[in-house]
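Descriptive analysis of the structure
Chain residues, written in single-letter form:
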Amino acid sequence: MPFTVKALQKTGPDQPYKVAEIQRRDPRPADVVIDIKAAGICHSDIHTIRNEWGEAHFPLTVGHEIAGVVSAVGDQVTKYSVGDRVGVGCMVDSCGECEQCLAGQEQDCLNGSVGTYNVKDVDGTITQGGYSQKVVVDERFVCRIPDGLDFDVAAPLLCAGITTYAPLARWGVGEGKKVAVLGLGGLGHMGVQLAAAMGAEVTVLSRSRKKEQLAIDLGATRMLPTTEDGFYEEHRGEFDLILNTISADIPVDSYLRLLKPHGVMAVVGLPPAAQPLHFGALIGGGKVLAGSNIGGIAETQEMLDFCAEHGIGAQIEVIGVDEVDATYDRVVNGEVYFRAVIDTATFEDAPVGV
């Protein structure tokens, strides 16, 4: 039967979060019930809940960086057992039959993948995310969290980790490659760690040197301030790949000049406005401007295993359920280094309606 759990919910974009009771579906034969231990805060959550990406379906619970423990399984589940350590990212379903799903690229499902929150589920209800005590998910969209990763540092990997891992893997980052990571935030700090672990020489590009020591601690060899006079000319043709993680306006043509011939700028940040581009910046040197959207489930598992093997996790601060609204403001102001994670154990003593 369906059951209720505590969750953080907003009833409108300008309303505060309150603890509410939401209904989780009656587990189906292929479903896994997960007791959530940690839920990461992604900037996408903020954009969604504040109606910055269109009108959200209120009342709404967001969150697609979920880590926890299996507490029940359907009788057709074969991959997981009660007590397993698992995670859920940005998707909870797809058709499973189209060319992209069969290729392990469920995020590009030709019939439309089902997001973890704020979209219509297969039963017609609106999906509710991971700022909650429990979630019910088809086993096909559940990943195993290796024992070497704590829940709180693993949760952001289910979005920030795969978002940066996928383009680095796709474009062959490894020994001998020079990678520039544009921006050192929630995505960028994961990109630095992953690219360095893959064997690349990593440079962080930022407006200032304020986070230089942080960048080096994460595995970068240096940080370059992009605001210095002559920056683009001095570093012209230097990088094999630029991982662009920022969601702000940038001079795209100028950054493309930093690439070697046949170099790639992989874009994972999503600015609200269209960005200017002259095709000549691509044609000269045969450069590539590519987008990347999370990754498939198999690749997400690959990323988690890679992180465990190399001791990589998100750099986090842990907060309680009563701190999320204030933390959103701090994220937007660039005051969170680098990911905030909700300790869902704090739901236990949180009264409903507050």
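Residues numbered from 1 in each chain as written. Predicted model: local features only at pLDDT ≥ 70, side-chain atom pairs only at ≥ 80, totals over all residues. Heavy atoms only, no water.

- Under an unreviewed UniProt entry, the name given to the chain is alcohol dehydrogenase (NADP(+)), and the source organism is Brachybacterium kimchii.
- Per UniProt, the comment on the chain under Catalytic activity (unreviewed entry) is "a primary alcohol + NADP(+) = an aldehyde + NADPH + H(+)".
- If you open the UniProt record of the chain and go to Sequence similarities (unreviewed entry), you find "Belongs to the zinc-containing alcohol dehydrogenase family." (UniProt positions renumbered as here; feature names shortened; annotations may be inferred.)

Brief notes about the overall build of the chain
- Broken down by element type, the chain carries 11 helices and 17 strands.
- The globule rule puts the C-alpha radius of gyration for 354 residues at 20 Å, and the 20 Å found for the chain is close to it.
- Expressed as lengths along the three principal axes of its C-alpha atoms, the size of the chain is roughly 65 × 40 × 35 Å.
- Every one of the 354 residues in the chain was classed for burial, and the buried ones make up 54%.
- Per element, the accessible surface of the chain, about 15100 Å² overall, is 49% carbon and sulfur.
- Taking the average location of the 28 positive side-chain charges in the chain and that of its 48 negative ones, the two points are 3 Å from each other. (Helix = DSSP H or I, 4+ residues; strand = E, 2+ residues; numbered from the N terminus. Rg over C-alpha atoms; globule rule 2.2 N^0.38 Å. Buried < 20%, exposed > 50% of the residue type's maximum accessible area, 1.4 Å probe, protein only. Areas by Shrake-Rupley, 256 points an atom, 1.4 Å probe, with all protein chains shown as cover. Lys, Arg positive; Asp, Glu negative; His and termini not counted. Charge placed at Lys NZ, Arg CZ, Asp CG, Glu CD.)

Some remarks on helix H10 (residues 297–310)
- Between its first and last C-alpha atoms H10 spans 20 Å; for 14 residues at 1.5 Å apiece the expected length is 20 Å, and the two agree.
- Where H10 is concerned, the buried positions are Ile297, Glu299, Thr300, Gln301, Met303, Leu304, Phe306 and Cys307.
- Where H10 is buried, its residues touch strand S6 (91–93), strand S9 (143–144), helix H4 (160–170) and helix H5 (188–197).
- Where H10 ends, the next residue or the one after it, Gly311, has phi of about 65 degrees, a positive value. (Expected span 1.5 Å × (residues − 1). Contact = heavy atoms within 4.5 Å.)

Digging into the pairing of strand S1 (residues 3–9)
- Most of S1 sits inside the fold, with five of its seven residues counted as buried.
- Sheet topology places S1 next to strand S2 (residues 18–24); seven bridges connect them, and they run antiparallel. Its bridge partner being in S2, Lys6 is matched across the sheet by Glu21. (Pairing = 2+ DSSP bridges.)

Focus on the sheet that holds strand S11 (residues 201–206)
- Taken in spatial order, the six strands make up an open sheet running S12-S11-S10-S13-S14-S15, and their pairing is parallel. Bordering the open sheet on either side are strand S12 (222–225) and strand S15 (288–291), each of which pairs with just one other strand. Looking at each pair of strands side by side, their axes are set apart by 20 degrees on average, direction ignored.
- In the sheet, strand S13 (residues 239–244) pairs with strand S14 (residues 259–267) via five bridges, with the strands oriented parallel. Residue pairing for S14: Asn244 is matched across the bridge by Val267. (Axes fitted to C-alpha atoms, helices over the stretch in contact; angles between N-to-C directions.)

Observations regarding unusual backbone geometry
- The residue after Phe58, namely Pro59, is reached through a cis peptide bond having omega -5 degrees.
- Mapping Pro59 onto the fold places it in the loop between helix H1 (43–49) and strand S4 (66–73).
- Following Tyr337, the chain continues into Phe338 via a peptide bond in cis, with omega recorded as 5 degrees.
- You can see Phe338 is positioned in the loop between helix H11 (324–332) and strand S17 (339–343).
- Positive phi, close to 60 degrees, is recorded for Asn51, a residue that is not glycine.
- The topology assignment puts Asn51 in the loop between H1 and S4.

Digging into the UniProt feature "domain: Enoyl reductase (ER)" (unreviewed entry) in the chain
- Feature annotation in UniProt assigns "domain: Enoyl reductase (ER)" (unreviewed entry) to the following positions: residues 12–342.
- In residues 12–342, helix accounts for 24% and strand for 25%; the two terminal C-alpha atoms are 21 Å from one another.

A closer look at the packing of H4 against H5
- One can describe the packing of H4 onto H5 by two numbers: an axis separation of 9 Å at closest approach and a directional angle of 45 degrees. Here H4 lies oblique to H5, going by the angle between them. At the point where H4 passes H5, the crossing takes the right-handed sense. Contacts between H4 and H5 involve Ala160, Gly161, Thr164, Tyr165 and Leu168 from the first element and Met190, Gly191, Leu194 and Ala195 from the second. (Parallel < 35°, antiparallel > 145°, perpendicular 65-115°, else oblique. Left-handed = near helix turned anticlockwise from the far one by under 90°.)

With respect to the environment of Glu106
- Within the secondary structure, Glu106 sits in the loop between helix H2 (99–102) and strand S7 (114–115).
- Overall, Glu106 belongs to the buried group, its relative accessible area being 13%.
- Note: C-alpha distance between Glu106 and Val86 (20 residues apart in sequence) is 19 Å.
- Among the polar contacts made by the side chain of Glu106, one reaches the main-chain amide nitrogen of Ile297 at a distance of 3.0 Å. (Polar contact = N/O pair within 3.5 Å; in protein donor to acceptor, adjacent residues only side chain to side chain.)

A short note on the pattern of salt bridges
- For the coordinates displayed, the defined rule picks out 17 salt bridges.
- For Arg140, the salt bridge is made with Asp138, and the minimal N-O distance between the two is 3.5 Å.
- A relative accessible area of 35% places Arg140 in the partly exposed class.
- Of the charged contacts, one joins Glu233 and Arg236 as a salt bridge, the two residues approaching to 3.4 Å between their closest N and O atoms.
- A relative accessible area of 47% means that Glu233 is categorised as partly exposed. (Salt bridge = Lys/Arg side-chain N within 4 Å of Asp/Glu carboxyl O.)

What about the packing of aromatic side chains?
- With the rule as written, the count across this model stands at six aromatic pairs.
- Relative to Tyr232, the ring of Phe231 has its centre 5.0 Å away and its plane inclined at 80 degrees; by these criteria the two rings are edge-to-face.
- Looking at Tyr232, the relative accessible area reads 18%, which means it is buried.
- Three or more aromatic residues joined by ring pairs make a cluster, and in this case those are Tyr17, Tyr131 and Tyr328.
- Stacked on the ring of Tyr17, the Lys or Arg Lys10 has its end atom at 4.7 Å from the ring centre.
- Looking at Arg85, its charged tip hangs above the ring of Phe151, at a distance of 4.4 Å from the centre. (Phe/Tyr/Trp six-rings, centres within 6.5 Å; stacked < 30°, edge-to-face > 60°. Lys NZ or Arg CZ within 6 Å of the ring centre and 35° of its normal.)

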